[in-house]
Each structure stands twice: as C-alpha cells, then as structure tokens.
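Architecture at a glance
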Amino acid sequence: MALDLNDPELEFSDLVYAYQSWVMAVINDEKLGGEATLLTDDIAEDALNAMRFLSGEVTSAIETSLARVYDVDPDELASLLFPED
C-alpha cells in the first residue's frame, strides 16, 4: 500500500496501519526469524511518511503494544527500528 498523502480520503487509521506494518515487519525479520522477509522499501517509505503526521505518543503506543504482543524488549525494539549507525 503506497500512501498517497494527497488523497482526501486518507484517514488516521491508514497512517497507524502503515506505521504498525513497518514495526511488525521489523520484528518479524529481526526477532522472530520468519523465513520470508516482510520488510520492503514500500513499507518503510509509508512508515516514514506516516511518522510525519503521527504524534510521538501514538508511535510509542504502537511500538509498546507490539513489543508486548511479540515478547520483545521495548529498548531492543527501539534499537532495531532506529539503529544508531
């Protein structure tokens, strides 16, 4: 799903879904050892675009919730999502 930020029907839930998809793909690829790689450039790009419009509280809530669901340490997840090259 490529986010069209000019789409007048774009909703908040679309932004949340884009960010959530990215976090889940990173968890799958890095922690769960999924055979198939889920993270694509499109997912990452949509997440970056979504972050421009989501507050830090919303992105933090998504990250915290998914870390709990997938039993991943929140600090470790943060380092996977935003590595300090």
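Anything mentioned here points back to the structure above.
**Some remarks on the overall build of the protein**
The helix and strand tally for the protein stands at four helices and zero strands. The C-alpha radius of gyration computed for the protein amounts to 13 Å, which stays within 12% of the reference 12 Å derived for 85 residues, consistent with globular compactness. In the protein, which comprises 85 residues, the proportion classed as buried is 29%. Taking contacts inside the protein between residues at least 6 apart in sequence as the whole, the part at least 24 apart equals 65%.

**Re the nonpolar core**
Counting 18 residues, the largest nonpolar core has Y19, W22, V23 and L77 as the members making the most contacts within it. At the level of elements, α1 (12-32), α2 (41-51), α3 (56-69) and α4 (74-81) are the ones that each hand at least two residues to this core. Of the residues forming this core, the biggest block, eight residues, is contributed by α1. When residues no more than four places from it in sequence are discounted, the contact partners of W22 are L39, I43, A44, A47, L81 and F82.

About the cut-offs
Going along each chain's sequence as written, the residues are numbered from 1 onward. A pLDDT threshold of at least 70 governs which residues receive local features in this predicted model, and a stricter bar of 80 or more applies before side-chain atom pairs are shown or counted, although totals over entire chains, interfaces and linings include all residues. Where side-chain values are given, they derive from all heavy atoms of the structure, hydrogens and water being excluded. Going along the chain from the N terminus, every DSSP run of H or I of four or more residues is numbered as a helix, and every run of E of two or more is numbered as a strand. For the radius of gyration, the atom set is restricted to C-alpha positions; the globular benchmark scales as 2.2 Å times the number of residues to the power 0.38. Each residue is placed in one exposure class: buried if its accessible area under a 1.4 Å probe, protein chains only, is under 20% of its type's maximum, exposed if it is over 50%, and partly exposed if it falls in between. By definition in these notes, contact holds between two residues if any of their heavy atoms fall within 4.5 Å. Nonpolar cores were defined as sets of buried Ala, Val, Leu, Ile, Met, Phe, Trp, Tyr and Cys residues, with membership established by side-chain atoms within 4.5 Å.

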